[in-house]
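Letter by letter, the chains look like this.
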Amino acid sequence: MPVSAAATDSAAAVCAPLPVLGRDVLVPLVTGGEVEYAALDIAASAPALQRVWDDVAAYAPYYGSVHRGAGYLSQLSTDLFENSRAEVARFLGCREGDQVVFTRSTTDSLNLLAAVLPADTRVFVFETEHHASLLPWEQRADIEVTYLDAPRTPGQAVDTLERALAEREPGSASAGFEKSGGGAQRSKNALVCVTGASNVTGELWPVRELAAAAHAHGARIVLDAAQLAPHHPVDIAELDVDWVAFSGHKLYAPFGAGVLAGRADWLQEAEPYLAGGGASRTVARRADGGVDVEWHTTAARHEAGSPNVIGAYAIAAACKALTEAGFENLVAREQHLVERVRAGLAEVPEVSVLSLFGDDAPRVGVLSFVVRGWNSSHFAAALSAEYGIGVRDGLFCAHPLVRTLLGAQSQAPGECGAPEGAPGEQSLNAIRVSFGAGTPDEHVDRFVRAVKELVADGARWSYRTEDGRCVPDTAAA
């Protein structure tokens, strides 16, 4: 829900940025001197909350093996690991019977789900998805994937999904969607995969409405909450989704862990994602020389090997810290920053902000844009080298979406850092700025000033292409 300007101003006055690591790191400028680093690429990886770091540091001396250890530290670590699972379940509003599986990342979580899908499942996914939720389904030869065109309004997203799901009903005519696999006969199982907030535009998707459409047609739905969970409350029961996937390193807990949470039945019925210790309950030799294995039916079934207890605890600590800070305040303050950035960029005619749903669509603190007359890699390099501002440039692991949004806005391939287009395609890339709970006002204000200065005056330094990236030319010093 959009937040009024008055509400954001009020929240900004009372809600300071959450303390994060690296807040006072100084970085050198090519033009001389140092400046406090403005980390505006948190959509890729967010800095760790100071509280998360402190919690992990306090536990570190008590580190021990997890599960089955008889020693005190092993028992302590096991309790910590399982309590972390319970904390994540509370954070996500899990239902009775839901499982929380710890993974390596959102990508790992969605690949796990792809691995446990029943054979002949049909998956529906919008072309707007991050590659983590766009590609895993193709690894299964026994499932069919239907790719849906990018919608231009939230309502169109729901309508598009409704028509695609109806098309799989017996006796219906093809709706003209692109398919990977066989014909239009209805499969027994169906899964919809959708993002909660775009990693390119930051726009919020109508998750609850899409879930209702999926369930009305007998399909299940998984929510990629990698960009949503750090910015908004995510409640599995309220949204009525079947699974949620997200990463710790985007939730201010960058320690290499992720989560897949939701319905247990497909997870329990499938072969383990990884085979090994921890996933097995009992293993016995057979008379013919082989082995019989009884696998766990709990989350441990898909957590073979020694678990990442530090990563799990870091995620749980971040969940608790964000909850106690109050998402209402965090959302309001972030919207305050979004409006500052959008208002500043709107004053630069050369800047075009990318959007699927329009300027008024609610979004998290993620915006992508292009600058007329600039290659995006060159612009991003200048922001870093001359202003100490870290942003991202490229196609953001969402190539189909960015290409759709950019359309014919090609960028000269001869410019510094210009990416090579695929055969027959134009050279395309964009700039992404992203911020969140730990971002101070000064960082976004510096970013807006830098954009205006670069557009008006150009870069103050020479740049060259090195390994496909635009970098300052040290020979110009």
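The structure this text deals with has already been given above.
Keep in mind the model is a prediction, meaning the values are calculated, not measured. (Residues numbered from 1 in each chain as written. Predicted model: local features only at pLDDT ≥ 70, side-chain atom pairs only at ≥ 80, totals over all residues. Heavy atoms only, no water.)

**Some remarks on the overall build of the protein**
- In terms of helices and strands, the protein carries 14 helices and 20 strands.
- Across the 477 residues of the protein, 53% fall into the buried class.
- The contacts in the protein between residues at least 6 apart in sequence include a share of 70% that link residues at least 24 apart.
- Accessible surface for the protein amounts to roughly 19900 Å². Of this, 51% is attributable to carbon and sulfur atoms. (Helix = DSSP H or I, 4+ residues; strand = E, 2+ residues; numbered from the N terminus. Buried < 20%, exposed > 50% of the residue type's maximum accessible area, 1.4 Å probe, protein only. Contact = heavy atoms within 4.5 Å. Areas by Shrake-Rupley, 256 points an atom, 1.4 Å probe, with all protein chains shown as cover.)

**A few points about the pairing of strand β13 (residues 291-295)**
- As defined by bridge partners, strand β12 (residues 280-285) adjoins β13 across five bridges and the pair is classed as antiparallel. In the sheet register, V283 faces β13, and the bridge partner there is V293. (Pairing = 2+ DSSP bridges.)

**Looking at the pattern of salt bridges**
- A complete count under the given rule lists 30 salt bridges for this structure.
- Its salt-bridge partner being R122, residue E167 comes within 2.8 Å of it at the nearest N-O pair. Taken together, the residues E167 in helix α6 (residues 154-167) and R122 in strand β5 (residues 122-126) connect sequence positions 45 residues apart. The pair formed by E167 and R122 is uniform in burial state, with each residue classed as buried.
- Several salt bridges converge on common partners, so that one network encompasses R220, D242, R263 and D265. (Salt bridge = Lys/Arg side-chain N within 4 Å of Asp/Glu carboxyl O.)

**Regarding the packing of aromatic side chains**
- Taken as a whole and judged by the stated rule, the model has eleven aromatic pairs.
- With a centroid separation of 5.9 Å and an interplanar angle of 70 degrees, the aromatic rings of Y59 and Y313 are classed as edge-to-face. Taken together, the positions of Y59 in helix α2 (residues 50-59) and Y313 in helix α10 (residues 309-325) put the pair 254 residues apart, joining distant regions of the chain.
- By the ring-pair criterion, three or more aromatic residues cluster together here, those being F369, W374, F379 and F447.
- Sitting over the face of the ring of W266, R220 holds its NZ or CZ atom 4.0 Å from the ring centroid.
- The residue whose ring lies beneath R460 is Y387, and the NZ or CZ to ring-centre distance is 5.2 Å. (Phe/Tyr/Trp six-rings, centres within 6.5 Å; stacked < 30°, edge-to-face > 60°. Lys NZ or Arg CZ within 6 Å of the ring centre and 35° of its normal.)

**A look at a nonpolar patch on the surface**
- A contiguous nonpolar patch, built from Y62, Y72 and L73 and spanning about 340 Å² of accessible area, is present on the exposed surface.
- Mapping L73 onto the fold places it in helix α3 (residues 72-92). (Patch = residues over 30% accessible without salt bridge, like charges linked within 9 Å, V, L, I, M, F, W, Y side chains within 5 Å.)

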